[in-house]
Amino acid sequence: TEDPKMDWRELIQQQIQSIVKNDFSYLRPNRKSPPGIMLPGMIPDVKIDIAIAIDMSGSISQAQGSFFLNEIKGIMDEFPEFDMKVWCFDTEVVAYAEFTEDTAEDIHEYVPKGGGGTMFECNWKFMMDEGIEPKRFIMFTDGYPCGTWGDEYYCDTIFIVHGSESIVAPFGLTAHYDDRDSSNV
């Protein structure tokens with residue numbers, strides 16, 4: 001049986017929302033709790049903590065890179081508070097930047113870099129070396145690594161794949177987009 005096709009924007013939205021929904025606290029009880037019973041309440045102002053890698057290997061066009069950046073800006077616009085780590089990669093990680101709700105507009109100055117081969121593993125090595133442990137790791141790619149897809153046990157991963165819908169990552173979640181999604185770039 002084939003999995004129903006999931007809209008990739010909806011998938012990202014659901015995954016990021018699930019980060020928020022999992023943050024409960026007994027320190028601030030739910031006001032609707034009956035007297036004497038403490039139910040968990042949501043922790044207010046939860047900061048979204050995600051990392052996003054943009055595949056900028058030689059098979060990715062500048063137009064696709066710009067499309068990815070527009071989508072990242074769209075994610076920023078959805079949430080009031082976030083800590084978003086963004087970088088590009090080919091065989092190594094380049095152009096690392098951090099964005100918060102206070103620096104979101106700086107995404108307009110961000111320039112995607114790359115152009116070499118494609119080594120997905122460099123993303124996990126980078127995160128481990130830098131102590132980056134995101135709640136969700138999102139990779140925009142065409143789905144053609146020269147080597148492994150990365151470390152399935154390090155963090156929850158979402159692969160947004162351009163191209164053939166037959167490409168499915170061996171772990172994490174995979175969603176697809178095509179050029180119709182990016183035609184407004």
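Everything discussed here concerns the structure shown above.
Heads up: these notes are all about the structure in this document. This is a predicted model, so every value here is computed, not measured.

As for the side chain of Thr141
With respect to the secondary-structure elements, Thr141 resides in strand E6 (residues 136-141). At 2.7 Å, the side chain of Thr141 and the side chain of Asp55 are in polar contact. Sequence-distant contacts of Thr141, that is, excluding residues within four places in its chain, are made with Asp55, Phe68, Phe120, Ile160, Val161 and His162.

So, the sheet that holds strand E4 (residues 82-89)
Across a sheet, strands are paired by hydrogen bonds formed along the backbone, either parallel or antiparallel in direction. Strand order in the open sheet made by the six strands is E5-E4-E3-E6-E7-E8, with mixed pairing throughout. Lying at the two open borders of the sheet, with one neighbouring strand each, are strand E5 (93-100) and strand E8 (173-177). Neighbouring strand axes in the sheet, compared pairwise and without regard to direction, differ in orientation by 20° on average. Strand direction decides the pairing type here: strand E3 (residues 48-55) and E6, joined by five bridges, are parallel. Bridging across to E6, Ile54 finds its partner in Phe140. Helix H2 (residues 62-78) contacts E3, E4, E5, E6, strand E7 (157-162) and E8 of the sheet and is inclined by roughly 175° relative to E3.

Focus: the nonpolar core
Among the nonpolar cores identified, the biggest contains 33 residues, and Ile50, Ile52, Ile72, Met84, Phe140 and Ile160 are the most heavily contacted of them. Within the residue set of this core, elements represented by two or more residues are helix H1 (8-21), E3, H2, E4, E5, E6, E7 and E8. At six residues, the largest contribution of residues to this core is made by H2. Not counting residues within four places of it along the chain, the set of residues in contact with Ile72 comprises Ile52, Ile54, Met84, Val86, Ile107 and Phe140. The next biggest cluster of nonpolar side chains, apart from the first, holds 20 residues, and it includes Ala53, Trp149, Cys155 and Ile167.

Points about the pairing of E5
Across six bridges, the pairing between E4 and E5 is antiparallel. Paired with Met84 across the strands is Phe99, a residue of E5. Between E4 and E5, which pair antiparallel one after the other, the connecting turn spans three residues.

A closer look at the pattern of salt bridges
Within this structure, the stated rule accounts for five salt bridges. The partner of Glu105 in a salt bridge is Lys73, and the shortest N-O contact between them spans 3.2 Å. Note that Glu105 is positioned in the loop between E5 and helix H3 (121-130) and Lys73 in helix H2, a separation of 32 residues in sequence. Of the charged contacts, one joins Asp83 and Lys85 as a salt bridge, the two residues approaching to 3.0 Å between their closest N and O atoms. Salt bridges sharing common partners tie together Lys73, Asp77 and Glu105.

Reading guide: rules and limits
- Residues numbered from 1 in each chain as written.
- Predicted model: local features only at pLDDT ≥ 70, side-chain atom pairs only at ≥ 80, totals over all residues.
- Heavy atoms only, no water.
- Helix = DSSP H or I, 4+ residues; strand = E, 2+ residues; numbered from the N terminus.
- Polar contact = N/O pair within 3.5 Å; in protein donor to acceptor, adjacent residues only side chain to side chain.
- Contact = heavy atoms within 4.5 Å.
- Pairing = 2+ DSSP bridges.
- Axes fitted to C-alpha atoms, helices over the stretch in contact; angles between N-to-C directions.
- Core = buried A, V, L, I, M, F, W, Y, C linked by side-chain atoms within 4.5 Å.
- Buried < 20%, exposed > 50% of the residue type's maximum accessible area, 1.4 Å probe, protein only.
- Salt bridge = Lys/Arg side-chain N within 4 Å of Asp/Glu carboxyl O.

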